[in-house]
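# Descriptive analysis of the structure
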Amino acid sequence: MGYLNCDFFDEFKRLDNICMDIYGPNSNKTLGVTLYLEEMDRKAPASRYIIKGWDSDYKKLKRVRNLRNELSHSGTSLSGYDICTEEDIDFIDSFCNRILNQTDPLALLRKNELETQERIKANKAARKSFPSKTMPQAQYPTQAIKTTP
């Protein structure tokens, strides 16, 4: 296996372990990165427009997972040629740090959802504190008003 391939594989294992810590063990031994990508798939329709860089991160995660699978399951790893790049390794390292700092796409989405829920609660509370828009009732509605001619 080439030098970059070894470094890539080590960095990918680190990312996968971080993702496994997030999602916990699963019965079918799915990679943690795959679980992360599946959650991105479920949340993609709306989230990809809310979170900056969502599509870019998604594509890069898929790329590095596919590279890892090729290194693990094919003869490419034994060829001595690097199939990954320094940029792939840098992305994995950066993404690990973003997960740990809660600035990855899914963490940003959770923060956005919490902020939205808090705004909704605050708006409901503010609406309850406003007085009713109905006209006040007369204190003695049956009392006749006297007028002078």
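Above this note sits the structure.
Heads up: these notes are all about the structure in this document. (Residues numbered from 1 in each chain as written. Predicted model: local features only at pLDDT ≥ 70, side-chain atom pairs only at ≥ 80, totals over all residues. Heavy atoms only, no water.)

## Here's the deal with the pattern of salt bridges
- Counting across every chain of the model gives six salt bridges.
- In this structure, Arg48 and Asp55 form a salt bridge, with 2.9 Å as the shortest nitrogen-oxygen distance.
- Where Asp57 meets Arg98, a salt bridge forms, and the shortest distance between an N and an O atom there is 2.5 Å. Of this pair, Asp57 sits in helix H3 (residues 54–73) while Arg98 is found in helix H4 (residues 86–100), placing the two residues 41 residues apart along the sequence.
- Where salt bridges share partners, they join Glu11, Arg14 and Asp93 into one cluster. (Salt bridge = Lys/Arg side-chain N within 4 Å of Asp/Glu carboxyl O. Helix = DSSP H or I, 4+ residues; strand = E, 2+ residues; numbered from the N terminus.)

## With respect to the packing of helix H1 (residues 3–23) against helix H2 (residues 32–50)
- Interaxial distance between H1 and H2 falls to 7 Å at its minimum, and their mutual angle equals 60 degrees. Put simply, H1 runs oblique to H2. Where H1 approaches H2, its residues Phe12, Leu15, Asp16, Cys19, Met20 and Tyr23 are matched on the opposing element by Gly32, Val33, Leu35, Tyr36 and Glu39.
- Residue composition of the contact of H1 with H2, grouped by class: eight nonpolar, one polar and two charged. (Axes fitted to C-alpha atoms, helices over the stretch in contact; angles between N-to-C directions. Parallel < 35°, antiparallel > 145°, perpendicular 65-115°, else oblique. Contact = heavy atoms within 4.5 Å. Nonpolar A, V, L, I, M, F, W, Y, C, P; charged D, E, K, R; others polar.)

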